[in-house]
Amino acid sequence: MGAKKQAVKSKKVWIKALAIIAGVLFVVLMVVSAMGSSWISSLATIKPGDVVVLDYTLRDAQGTPILTSNQQLYTQLTNQGSGVLYSKPLTITANQSLDTTVYPNVYPIQFYTASTGWSASNQFALFRDEYDTISSGIVGMKANSQKTISLATAKPMTQLWSAEQLAASNMSLSSIQNGELIALGVSSNPEAAQVNSTAQSYVRIGEVANKTPDGITIDFSYPSADVTVESINAASS
């Protein structure tokens, strides 16, 4: 008789425990449901073909920001007298090379300056290899995640300007110092630019890496890009 009562008591305890567990599960499911699908998006990783919006900053060899879509950083640096350029976030397709039939060698990025605003002629030159490296480098990242992508290349991006060339551009060799930043005009089609003065050119900011009595060496490479994923639009399957 005692054993039977004990069995009944044990059964009631298990039923009560199961009821509590079921109640907790119901609450958890209700909470998850209230969160909607945003938590799923935050867990999703970037896959090839996804369209991604990036907040980004390009830096030169000294780590100086050259172009940024980070408004807080832009405001901070301009208040310090920096000539950093400001752009809108970069929309890019993950792991997809630049379409050279549309953008041969250069991907143009419109930028803002306090003096010219969002002028249509304010076009920054992001080179094809840099675009492709960023595109492949974001695969596997999640929304709001941050990463520094190396844009270093085996081929140096330098150009030698003689004192005569500088003078032709209304610049004096004596007034230029090592570390100074100089705006360069680059073209996606150099041959066309040589015979057509109205050919489209894009801005590239270079740093004076070396100065001699004969001229200066300008380094216009950007070894790194800091990126933050703002949003991910998954590719349709």
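That block above? That's the structure.
Attention in this report is confined to the structure presented alongside it. Note that this is a predicted model, so its numbers are computed, not measured. (Residues numbered from 1 in each chain as written. Predicted model: local features only at pLDDT ≥ 70, side-chain atom pairs only at ≥ 80, totals over all residues. Heavy atoms only, no water.)

## Overview of the side chain of D219
Here D219 is to be found in strand β11 (residues 215–219). No salt bridge forms around the buried D219; measuring N to O, its nearest opposite-charge neighbour R204 is 7.7 Å away. Here the side chain of D219 touches S221 through a polar contact of 2.7 Å, side chain to side chain. Setting aside chain neighbours within four positions, we find D219 in contact with A61, M157, T158, G206, E207 and A209. (Helix = DSSP H or I, 4+ residues; strand = E, 2+ residues; numbered from the N terminus. Buried < 20%, exposed > 50% of the residue type's maximum accessible area, 1.4 Å probe, protein only. Lys, Arg positive; Asp, Glu negative; His and termini not counted. Salt bridge = Lys/Arg side-chain N within 4 Å of Asp/Glu carboxyl O. Polar contact = N/O pair within 3.5 Å; in protein donor to acceptor, adjacent residues only side chain to side chain. Contact = heavy atoms within 4.5 Å.)

## Digging into the pairing of strand β9 (residues 181–186)
Here β9 shows one buried face, formed by I182, L184 and V186, and one open face, formed by L181, A183 and G185. Bridge count between β9 and strand β10 (residues 202–212): six bridges; the pairing is antiparallel. Following the sheet pairing, G185 is matched in β10 by V203. (Pairing = 2+ DSSP bridges.)

## Concerning unusual backbone geometry
Within the chain, N95 stands out as a residue other than glycine whose phi angle is a positive 60°. Here N95 lies in the loop between β4 (90–93) and β5 (106–112). Although it is not a glycine, N144 sits at a positive phi angle of roughly 75°. On the secondary structure map, N144 appears in the loop between α4 (128–137) and β7 (146–150).

## Concerning the pattern of salt bridges
The full count for this structure, using the stated rule, is two salt bridges. Close ionic contact of R59 with D226 constitutes a salt bridge, the shortest N to O distance being 2.7 Å. Highlighted residues: R59 in strand β1 (residues 51–59) and D226 in strand β12 (residues 224–233), separated in sequence by 167 residues. By relative accessible area, R59 is classed as partly exposed at 22%. A salt bridge links E130 to R204; the nearest nitrogen and oxygen atoms lie 2.5 Å apart. Within this pair, whereas E130 is found in helix α4, its partner R204 is found in strand β10, the two being separated by 74 residues in sequence. E130 sits in the buried class, given a relative accessible area of 2%.

## Digging into the environment of I149
Tracing the chain through its elements places I149 in strand β7. We classify I149 as buried; its relative accessible area is 5%. Each C-alpha atom of the pair I149 and I138 lies 8.3 Å from the other, and the pair is eleven residues apart in sequence. If we ignore the near neighbours within four places in the chain, the residues touching I149 are T133, I134, G137, I138, P223, S224, A225 and V227.

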